[in-house]
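Structural features, examined
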Amino acid sequence: QRVGGAIVAPGEMYEASAETAVLIDLRVAPDRARRGIGTALFAAAKEWARARGCNELLAETQNVNVPACRFYGAQGCTISEVNEDAYPHYPDEIEIIWKLTI
């Protein structure tokens, strides 16, 4: 049974540099949360990026996803960008781009 997953892509696919990897998605089944699965997936994403010569990893979340914001902060990420108008159909949501130097 799948309990989580992560998708990582080269930065060039997302208007970032060749030295950047972008964490597109990281999910853990709700009934398996807080067991280290997300941390293990994030570590695997860092390794994937490092093995491809990347020196930074980016991840996006929103201000309304407080658990994700706490998670990325706990992984050592810092806020790189804050975009208030990123989601026109969701005016109360603010895009937050997290960056980790690897």
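Before reading further, recall that the structure is shown in the block above.
Residues numbered from 1 in each chain as written. Predicted model: local features only at pLDDT ≥ 70, side-chain atom pairs only at ≥ 80, totals over all residues. Heavy atoms only, no water.

**Section: the pattern of salt bridges**
Under the convention used in this document: Salt bridge, as used here: a side-chain nitrogen of Lys or Arg that lies within 4 Å of a carboxyl oxygen of Asp or Glu. Numbering of helices and strands runs from the N terminus, with a helix taken as a DSSP run of H or I at least four residues long and a strand as a DSSP run of E at least two residues long. Between buried and exposed lies partly exposed: a residue is buried under 20% and exposed over 50% of the maximum accessible area for its type, with that area taken using a 1.4 Å probe on protein chains only.
Evaluated as defined, the whole model comprises three salt bridges. Taking the shortest distance from any N to any O, the salt bridge between Glu47 and Arg50 comes out at 2.4 Å. On the criterion of helical spacing, the pair formed by Glu47 and Arg50 is a turn pair, its members being three residues apart in helix H1 (residues 37-51). Classification of Arg50 as partly exposed rests on a relative accessible area of 40%.

**Points about H1**
Short version of the rule: By definition here, a helix of n residues has an expected span of 1.5 Å times n minus one. By construction, the arc corresponds to the directions joining the helix axis to the C-beta atoms.
The end-to-end C-alpha separation of H1 is 21 Å, in line with the 21 Å expected for 15 residues at 1.5 Å each. Gly38, Leu41, Phe42, Ala45 and Ala49 are the residues of H1 that are buried. All buried residues of H1 fall inside an arc of 100° around its axis, so they share one side. Positive backbone phi, at 80°, marks Gly53, one or two positions downstream of H1.

**Looking at a nonpolar patch on the surface**
Convention followed: Residues forming no salt bridge and having over 30% relative accessible area are the ones grouped into patches, like charges within 9 Å of each other and nonpolar side chains (Val, Leu, Ile, Met, Phe, Trp, Tyr) within 5 Å. A 1.4 Å probe and the Shrake-Rupley method give the accessible areas. Residues count as covered only by the protein chains that appear here.
A surface patch of nonpolar side chains, about 400 Å² in accessible area, is lined by Ile7, Met13, Tyr14 and Ile24. Secondary-structure assignment places Tyr14 in the loop between strand E1 (4-10) and strand E2 (20-28).

**Focus: the packing of aromatic side chains**
For clarity, the threshold we go by: Any two rings among Phe, Tyr and Trp, with Trp reduced to its six-membered ring, count as a pair given centres within 6.5 Å; such a pair is stacked if its planes are under 30 degrees apart, edge-to-face if over 60, and tilted if neither.
Applying the stated criterion to the full structure yields four aromatic pairs. Where Phe42 meets Tyr72, the ring centres are 6.1 Å apart and the plane angle is 55°; that geometry is what we call tilted. Of the two residues, Phe42 is situated in helix H1 and Tyr72 in helix H2 (residues 66-74); the sequence distance between them amounts to 30 residues.

**Describing the pairing of strand E5 (residues 95-101)**
So the rule is basically this: Two strands qualify as a pair provided that DSSP identifies no fewer than 2 bridges between them.
Within E5, five of the seven residues are buried, which leaves the element mostly enclosed by the surrounding structure. Taken together, the seven bridges between strand E3 (residues 56-62) and E5 define a ladder with antiparallel strand orientation. Within E5, the position partnered with Ala59 by the bridge is Trp98. As paired elements, strand E4 (residues 78-83) and E5 share five bridges and run antiparallel to each other. Directly across from Asn83, in E5, lies its bridge partner Glu95.

**Remarks on the sheet that holds E4**
The following threshold applies: Between N-to-C directions, angles cover 0 to 180 degrees, with each direction set by a line fitted to C-alpha atoms, over the stretch in contact for helices. It only takes one pair of heavy atoms within 4.5 Å for two residues to be counted as in contact.
The five strands lie next to each other as E1-E2-E3-E5-E4, forming an open sheet whose pairing is mixed. Of all the strands in the sheet, the pair left with one neighbour each is E1 and E4. Here the strands of the sheet are splayed against their neighbours by 25° on average, with no regard to which way each runs. Relative to E2, H1 is tilted by about 160°, and along the sheet it contacts E1, E2, E3 and E5.

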